[in-house]
Amino acid sequence: MEISNITIRKMSSEGRMKAIVSVTFDDDFVVHDIKVIEGTNGYFIAMPSRKTQDGEFKDIVHPINSGFREVLSTAVLDKYWEAVEQAEAEMAAPEFEEDEEEESEDDEEEESEDDEEEELEEDDEEDIDEE
C-alpha cells in the first residue's frame, strides 16, 4: 500500500494537538482525522478514534503491523514539519513584502513628484517661449 497524498487540514500552535491530517492510499482510499500530537517523549500520530460506552477510545482504523505504522508515522510527521517550516517562512515573508510595498509606494511618489516638477518646468519654458 502506497501513500499517495498527505494533506494537513488544520494546524495549531496551542495545546498538545498540533495538526489534523488526511492521508490518501493508492489514490483510492482516504483516512481523515489523523492527529499530530506533541507528547512528553516527542511528536506522534494518533489514528481516528471513537469513544466507547465505557469511556475508552478505540481506533476506527489503524495499521496492522508496526512496520507500516512506522512508515505512516514518518510520512505524516515529515509532512507536518514541512508545513510548519512553510508557515514560519510565510509569517516572516509579509514583513519583507510590506517593506517592499512601502519602498515601491515611496518610489512611485518620488516619480510622481519628479513628473510634476518636469511638467511645471515645461510649462515655464512654454511661457517663456510665448513671451
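Conventions and cut-offs
Residues numbered from 1 in each chain as written. Predicted model: local features only at pLDDT ≥ 70, side-chain atom pairs only at ≥ 80, totals over all residues. Heavy atoms only, no water. Pairing = 2+ DSSP bridges. Helix = DSSP H or I, 4+ residues; strand = E, 2+ residues; numbered from the N terminus. Axes fitted to C-alpha atoms, helices over the stretch in contact; angles between N-to-C directions. Salt bridge = Lys/Arg side-chain N within 4 Å of Asp/Glu carboxyl O. Buried < 20%, exposed > 50% of the residue type's maximum accessible area, 1.4 Å probe, protein only. Patch = residues over 30% accessible without salt bridge, like charges linked within 9 Å, V, L, I, M, F, W, Y side chains within 5 Å. Areas by Shrake-Rupley, 256 points an atom, 1.4 Å probe, with all protein chains shown as cover. Lys, Arg positive; Asp, Glu negative; His and termini not counted. Charge placed at Lys NZ, Arg CZ, Asp CG, Glu CD. Core = buried A, V, L, I, M, F, W, Y, C linked by side-chain atoms within 4.5 Å. Contact = heavy atoms within 4.5 Å.

**Student:** When you look at the sheet that holds strand 4 (residues 42-46) in this model, what are you seeing that I'm missing?
**Tutor:** Backbone-to-backbone hydrogen bonds pair the strands of a sheet. The strands run either parallel or antiparallel. Read across the sheet, 4 strands follow the order 1-2-3-4 without closing on themselves; strand pairing throughout is antiparallel. Here the strands that pair on one side only, and so sit at the sheet edges, are strand 1 (3-11) and strand 4. Neighbour-to-neighbour, the strand axes of this sheet turn through a mean angle of 25°, independent of strand direction. Across 7 bridges, strand 1 lies against strand 2 (residues 17-25) in antiparallel orientation. The residue of strand 2 that forms the bridge with M11 is A19.

**Student:** Sorry, what's going on with the pattern of salt bridges here?
**Tutor:** Any two side chains of opposite charge can pair, given that their charged atoms come close. For the structure shown, the criterion picks out 2 salt bridges. Salt-bridge contacts for K18 lead to E38; the nearest nitrogen and oxygen are separated by 3.4 Å. Of this pair, K18 sits in strand 2 while E38 sits in strand 3 (residues 29-39), and the two are 20 residues apart along the sequence. Under the relative-accessibility criterion, K18 is labelled buried at 8%. Taking the relative accessible area as the measure of exposure, E38 reaches 32% and is therefore partly exposed.

**Student:** Help me out: how do you make sense of a negative patch on the surface in this one?
**Tutor:** On the surface, E2, D26, D27 and D28 cluster together into a negatively charged patch. Within the secondary structure, D27 sits in the loop between strand 2 and strand 3. By relative accessible area, D27 is classed as exposed at 62%.

**Student:** Can you help me understand unusual backbone geometry in this one?
**Tutor:** Glycine aside, the phi torsion of most residues is negative, and most peptide linkages are trans. Even without a glycine there, the phi angle at D26 is positive, about 50°. Position of D26 among the secondary structure elements: in the loop between strand 2 and strand 3. A relative accessible area of 37% means that D26 is categorised as partly exposed. Despite not being glycine, D27 has its phi angle at roughly 55°, a positive value.

**Student:** I would appreciate a short explanation of the nonpolar core in the present structure.
**Tutor:** Soluble, globular proteins show a tendency: their nonpolar side chains are buried together. Counting 15 residues, the largest nonpolar core has V21, V23, I34, V36, I45, L72 and V76 as its most contacted members. Where this core is concerned, the elements lending two or more residues are strand 2, strand 3 and helix 1 (66-130). The element contributing the most residues to this core is helix 1, with 5 residues.

**Student:** Is there a simple way to think about the environment of P48 in this case?
**Tutor:** Among the structural elements, P48 can be located in the loop between strand 4 and strand 5 (49-51). The contact partners of P48, leaving out residues within four places of it in the chain, are V31, H32, D33, I34, K58, D59, I60 and V61.

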